[in-house]
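# Close look at the chain arrangement
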Amino acid sequence: MGMGLYIHIPFCARRCSYCDFCTVEYDGNLVRQYHDLLKKEVEMYPASERVETLYFGGGSPSLYPVELLRDLMSFISCSFDAAPVEVTIEANPWELNLKNLKQWRDIGFNRLSIGIQSSEREILERCDRPVPKNLRDRLMASRDIFENLNLDFILGLPGENESNVAGNLEMISAINPDHVSYYVFDSDHETKLMRLVHDDIIDLPRQEIVEGLHDIILDSLSKMGFSRYEISSWERGRRECLHNLKYWRNEQYMGFGVSAGSHFDRKRYVNTSDLLEYRYLVNLRRRPVFELRENSVIQEVFETLFMGLRLMEGVDLSKLELPDELNNTLVSELRAHLGDYLSPDNSRIRLNDNGMDFSRSVLEKLIDIKEEMVIAFST
């Protein structure tokens, strides 16, 4: 099994009001400087495993000049044992034209992930996210050129209602993607949108409305033939996102660029989100790491649980590699605290339907269990 490789392209034409990702306003000169920095950073890490998945995220990787994408793909192939089975580029609707689509495919991208967020123009405009008038045509062209297509949506933006969700579901049915990501808007982050909410300028839909709409989404996607394999992800035709599965299974992956994270040999590290600091450190030939931690065994176990419980498959207990006594203690604690949320499967820790619906509560309870297990593990 190979590792995943993530490339963060932070540049955007504008910043959507709900976004809390590391982004930078697009500037051609800055883009080319960043491109050189990315290659320098890659050179600091010796190739040690085969690259199985490659993912260009952002930001808006679809804004990145095609010649630079081609150069970066070639550079990665030369720097690593890279023959990835899945190569994803994230794209915004504005860059979905035939020329770009064909060039991305020719470069080697075999999976396209499009950030739609909503089919309702009014909702998007409230969130500082204009949308092309011919969006449907652009999506159909994407469907024609890419055999593996994902559409991203967000549930719970200002103005969300049953009619908007019906429009999103109709779009999914018409475009016929292989994968759908449908995220519930996370209001915990400090964003422009949340500042407007706190100032009583914009209202978010009530929690009970969001929950009802989520039930409609679950039922409708199932009827369309999609299988839910992760809290916010559905696929059909065995088109799970292989790269994201590496995150959720707590496997090995490396990230390059500002704010990119890595998990390798029980070490977890995150790059600086400050582009100036990133440039300064990389030009000194120093790894631009902001945070580095080498996990203890118990930390690794709970990171595996935090991520793996997002998946319908859950966590295979045998892969935790704990001594029998500690494994039994862990299972007892999990069942004592989370019994109503877990399936009865003895070989795996999996959330049942109730657990998937209340996954946030489950993850909060895991923190308490971790503290008890740290004490048990140290005695």
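Residues numbered from 1 in each chain as written. Predicted model: local features only at pLDDT ≥ 70, side-chain atom pairs only at ≥ 80, totals over all residues. Heavy atoms only, no water.

As named in an unreviewed UniProt entry, the protein chain is Heme chaperone HemW, taken from Mesotoga prima MesG1.Ag.4.2. In the Sequence similarities (unreviewed entry) part of its UniProt record, the protein chain is described as follows: "Belongs to the anaerobic coproporphyrinogen-III oxidase family. HemW subfamily." Entered under Subcellular location (unreviewed entry) in the UniProt record, the comment concerning the protein chain runs "Cytoplasm". (UniProt positions renumbered as here; feature names shortened; annotations may be inferred.)

Attention now moves to the nonpolar core. With 69 residues, the main nonpolar core has Phe56, Trp104, Phe109 and Leu112 as its most contacted residues. Of all the elements, helix H2 (residues 66-79) adds the most residues to this core, at 7 residues. Leu309, Leu326, Leu338 and Leu366 belong to the second-largest nonpolar core, a separate cluster that totals 24 residues. (Core = buried A, V, L, I, M, F, W, Y, C linked by side-chain atoms within 4.5 Å. Buried < 20%, exposed > 50% of the residue type's maximum accessible area, 1.4 Å probe, protein only. Helix = DSSP H or I, 4+ residues; strand = E, 2+ residues; numbered from the N terminus.)

The next subject is the pattern of salt bridges. Per the stated rule, a full pass over the model turns up 20 salt bridges. Here Arg143 makes a salt bridge to Asp178, at a shortest N to O gap of 2.9 Å. One end of the pair, Arg143, is in helix H5 (residues 135-145); the other, Asp178, is in the loop between helix H6 (162-175) and strand S8 (179-184), with 35 residues separating them in the sequence. Overall, the relative accessible area of 16% leaves Arg143 in the buried class. (Salt bridge = Lys/Arg side-chain N within 4 Å of Asp/Glu carboxyl O.)

Of note, Cys78 is situated in helix H2. Judged by relative accessible area, which is 69%, Cys78 ranks as exposed. Considering only alpha carbons, one finds Cys78 and Asn134, 56 residues apart in sequence, at a separation of 39 Å.

Turning our eyes to something else, we now look at the UniProt feature "domain: Radical SAM core" (unreviewed entry) in the protein chain. Taking the numbering used here, the UniProt-annotated feature "domain: Radical SAM core" (unreviewed entry) corresponds to residues 1-227. Between the end C-alpha atoms of residues 1-227 the distance is 24 Å, and the span holds 42% helix and 23% strand.

Turning our eyes to something else, we now look at a negative patch on the surface. Residues Glu211, Asp215, Asp353 and Asp357 make up a contiguous surface patch of negative charge. Those elements that place two or more of their residues in the negative patch are helix H8 (207-223) and helix H13 (353-357). Tracing the backbone shows Asp215 in helix H8. Given the relative accessible area of 47%, Asp215 is considered partly exposed. (Patch = residues over 30% accessible without salt bridge, like charges linked within 9 Å, V, L, I, M, F, W, Y side chains within 5 Å. Areas by Shrake-Rupley, 256 points an atom, 1.4 Å probe, with all protein chains shown as cover. Lys, Arg positive; Asp, Glu negative; His and termini not counted. Charge placed at Lys NZ, Arg CZ, Asp CG, Glu CD.)

Take the side chain of His35 next. Looking at the secondary structure, you find His35 in helix H1 (residues 28-43). Excluding its chain neighbours within four sequence positions, the residues that come into contact with His35 are Tyr64, Leu68, Asp71 and Leu72. (Contact = heavy atoms within 4.5 Å.)

To continue, consider the domain arrangement of the protein chain. What the domain assignment lists for the protein chain is domain 1 (3-246) and domain 2 (296-378). Taking the mean C-alpha position of each, domain 1 and domain 2 sit 30 Å from one another. Every contact between the two is made by 9 residues of domain 1 and, on the other side, 7 residues of domain 2. Summing both sides of the interface, domain 1 and domain 2 together bury roughly 770 Å²; the carbon and sulfur share of this comes to 51%. (Domains from an automatic or database assignment. Buried area = accessible area lost by both parts, 1.4 Å probe.)

With 4 bridges connecting them, strand S12 (residues 261-264) and strand S13 (residues 267-271) associate as antiparallel partners. For His263, the partnering residue across the bridge sits in S13 and is Arg268. Linkage of S12 to S13, two consecutive antiparallel strands, is achieved through a turn of 2 residues, within which Asp265 is found at a positive phi near 50 degrees. (Pairing = 2+ DSSP bridges.)

This brings us to the state of the cysteines. Under the criterion given, the structure shown has 0 disulfides. Cys12 forms no disulfide, and the closest cysteine sulfur to it belongs to Cys19, at a distance of 6.4 Å. (Disulfide = S-S within 2.5 Å.)

If you trace the backbone, Glu235 turns up in strand S10 (residues 233-235). For the buried residue Glu235, which engages in no salt bridge, the nearest side chain bearing the opposite charge is Arg238, 4.3 Å off. In terms of polar contacts, Glu235 uses its side chain to reach the backbone amide nitrogen of Arg238, at 3.0 Å. The residues contacting Glu235, other than those within four sequence positions of it, are Asp178, His179, Gly225, Phe226, Ser227, Tyr229 and Glu240. (Polar contact = N/O pair within 3.5 Å; in protein donor to acceptor, adjacent residues only side chain to side chain.)

So, on to the packing of H6 against H8. Between H6 and H8, the shortest axis-to-axis distance is 10 Å and the interhelical angle comes to 20 degrees. Classified by the interaxial angle, the pair formed by H6 and H8 is roughly parallel. Handedness of the crossing formed by H6 with H8: right-handed. Residues Glu162, Val165, Leu169 and Ile172 of H6 touch H8, and the partners they reach there are Leu213, Ile216, Ile217, Ser220 and Leu221. (Axes fitted to C-alpha atoms, helices over the stretch in contact; angles between N-to-C directions. Parallel < 35°, antiparallel > 145°, perpendicular 65-115°, else oblique. Left-handed = near helix turned anticlockwise from the far one by under 90°.)

Contact geometry for H2 and helix H3 (residues 98-107): axes closest at 10 Å, N-to-C directions at 10 degrees. Relative to H3, the element H2 is oriented roughly parallel. Residues Val66, Leu69, Arg70 and Met73 of H2 lie in contact with H3, whose contacting residues are Asn100, Gln103, Trp104 and Ile107. Among the residues making up the contact of H2 with H3, the classes are represented as 5 nonpolar, 2 polar and 1 charged. (Nonpolar A, V, L, I, M, F, W, Y, C, P; charged D, E, K, R; others polar.)

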